[in-house]
Amino acid sequence: MTSTAPSNARAHELADRFEATFGAAPHGVWAAPGRVNLIGEHTDYNEGFVLPFAIDNRARTAVRLRDDSTVRLLSTSGDQRLVEAATTALAPGTVTRWAKYPLGVVWALQQHGIEVPGFDLLLDSDVPLGAGLSSSHAIECAVATALNELTGAGLSAEEMVLLTQHAENAFVGAPTGIMDQSASLRGATGHAVFLDCRDQSVELVPFQTLEAGLVLLVIDTKVEHSHADGGYASRRAACELGAERMGVKALRDVAVADLQNASGLLDATTFRRVRHIVTENDRVLQTVDVLQTRGPAHIGPLLDASHASMRDDFEISCPELDLAVDTARIHGAIGARMTGGGFGGSAIALTPVQDEQQVRDAVTRAFADAGLTRPDIFTVTPSAGAARIP
Ligand code: ADP
Ligand code: MG
């Protein structure tokens, strides 16, 4: 496998650096990937379906257990100050900066009744921060996988998904679902993770881009809109109202055919919010079916329809995301959509290999012509989930 060699080299380098820093070799190196959501946006909290995949960018952690309760944390990039803490004094809301992710996992393990000794940890991540690729979950999943093994806790991937969610929700204080860590912990090379957010069941679906002559481009618009938080809360509220009016537990229980009746029960805006969720769930199921029967070259129209639905019905796109998507489509992408929570962040464009440069150039030019910040454009490959690196 071409992807394992360089990642092993990077892990060995990290082990050397750990030893130079902390004075002894680590007990191992564990890595966990970031993720991209292929399709299924805002469906997670409606107990619906999502289809993310683990990417080849990952957080690597070299870890050595200690004999005391001290934790020492260091990152090779970003904020490079050494953080020291005690496993015996962890409480939600008391930890700042990136230390809240690894220490949140320690705290969640303790809440689960697992004793965690002190440890030294060196982090090296190539998941870009804040680009919507879940760099924070990559850290949490790498740490959870490491400590799960080193403490002999023996938690399953499903249990670690809930554990890292608990860390995010209760310790870090972010009201996130289970999509990101499910992709990071349960992803597999050449596959997308078809996740049912109601019962947490997972099915791996073949998603081999290069083999189909395609690349998946991520276009990070670098836009972070200030109303993102309020927009998210109001979309959640609209979904809850829609479900209540329609007499269902969650919008997951509404079929596309039921939408006809819905228009009479809901105000115009709530109806459009509901229509996005209901059709998006259906598009996830269709995408899974197309990937299983015809392959990735045929999912383009579903990606396009997903974007239109988010732009027009859910109203969470922005001019920069629309520009990225439209330009990519015009210059060769077979399908494109915004990905993530919306109001900024990244778009994805599924593009034939031979058109990659053309799409990159066209998007870069379009942003320059519009006087916008230069976007970051890179490819991602469906890759393996979290694991120890031998
Ligand atoms: P996302 O998860 O979408 O990338 P978040 O805001 O949830 O964005 O997480 C980003 C945070 O994760 C950063 O502010 C930082 O605290 C932490 N982080 C990510 N990568 C690293 C790294 N390599 N070193 C230190 N901290 C990191
Ligand atoms: Mg995050």
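Scroll up to find the structure this text is about.
In this text the structure is predicted, and so the values were computed from the model without any measurement. (Residues numbered from 1 in each chain as written. Chains lettered and ligands numbered in written order. Predicted model: local features only at pLDDT ≥ 70, side-chain atom pairs only at ≥ 80, totals over all residues. Heavy atoms only, no water.)

(A) How the structure looks around the pairing of strand 10 (residues 344-352). Within strand 10, nine of the nine residues are buried, which leaves the element mostly enclosed by the surrounding structure. In terms of strand pairing, strand 9 (residues 335-339) meets strand 10 through five bridges, oriented antiparallel. Bridge pairing in strand 10 places A336 opposite A349. As consecutive antiparallel partners, strand 9 and strand 10 are separated by four residues, and within that stretch G340 has a phi angle of approximately 95°, a positive value. (Buried < 20%, exposed > 50% of the residue type's maximum accessible area, 1.4 Å probe, protein only. Helix = DSSP H or I, 4+ residues; strand = E, 2+ residues; numbered from the N terminus. Pairing = 2+ DSSP bridges.)

(B) Structural context of the nonpolar core. Counting 73 residues, the largest nonpolar core has V36, L38, L51, F53, L73, F119 and L216 as the members making the most contacts within it. L259, V278, C318 and A347 belong to the second largest nonpolar core, which has 34 residues in total. (Core = buried A, V, L, I, M, F, W, Y, C linked by side-chain atoms within 4.5 Å.)

(C) Region of interest: the packing of helix 2 (residues 100-111) against helix 4 (residues 157-172). Packing of helix 2 against helix 4 brings their axes to within 8 Å, and their N-to-C directions diverge by 110°. Taken as axis vectors, helix 2 and helix 4 run roughly perpendicular relative to one another. In the crossing of helix 2 with helix 4, the sense of the turn from one axis to the other is right-handed. Contacts between helix 2 and helix 4 involve K100, Y101, L103, G104, V105, W107, A108, L109 and Q111 on the former and, on the latter, L163, T164, H166, A167, E168, A170, F171 and V172. Split by residue class, the contact of helix 2 with helix 4 holds eleven nonpolar, four polar and two charged. (Axes fitted to C-alpha atoms, helices over the stretch in contact; angles between N-to-C directions. Parallel < 35°, antiparallel > 145°, perpendicular 65-115°, else oblique. Left-handed = near helix turned anticlockwise from the far one by under 90°. Contact = heavy atoms within 4.5 Å. Nonpolar A, V, L, I, M, F, W, Y, C, P; charged D, E, K, R; others polar.)

Purely spatial values, then, with no claim about function.
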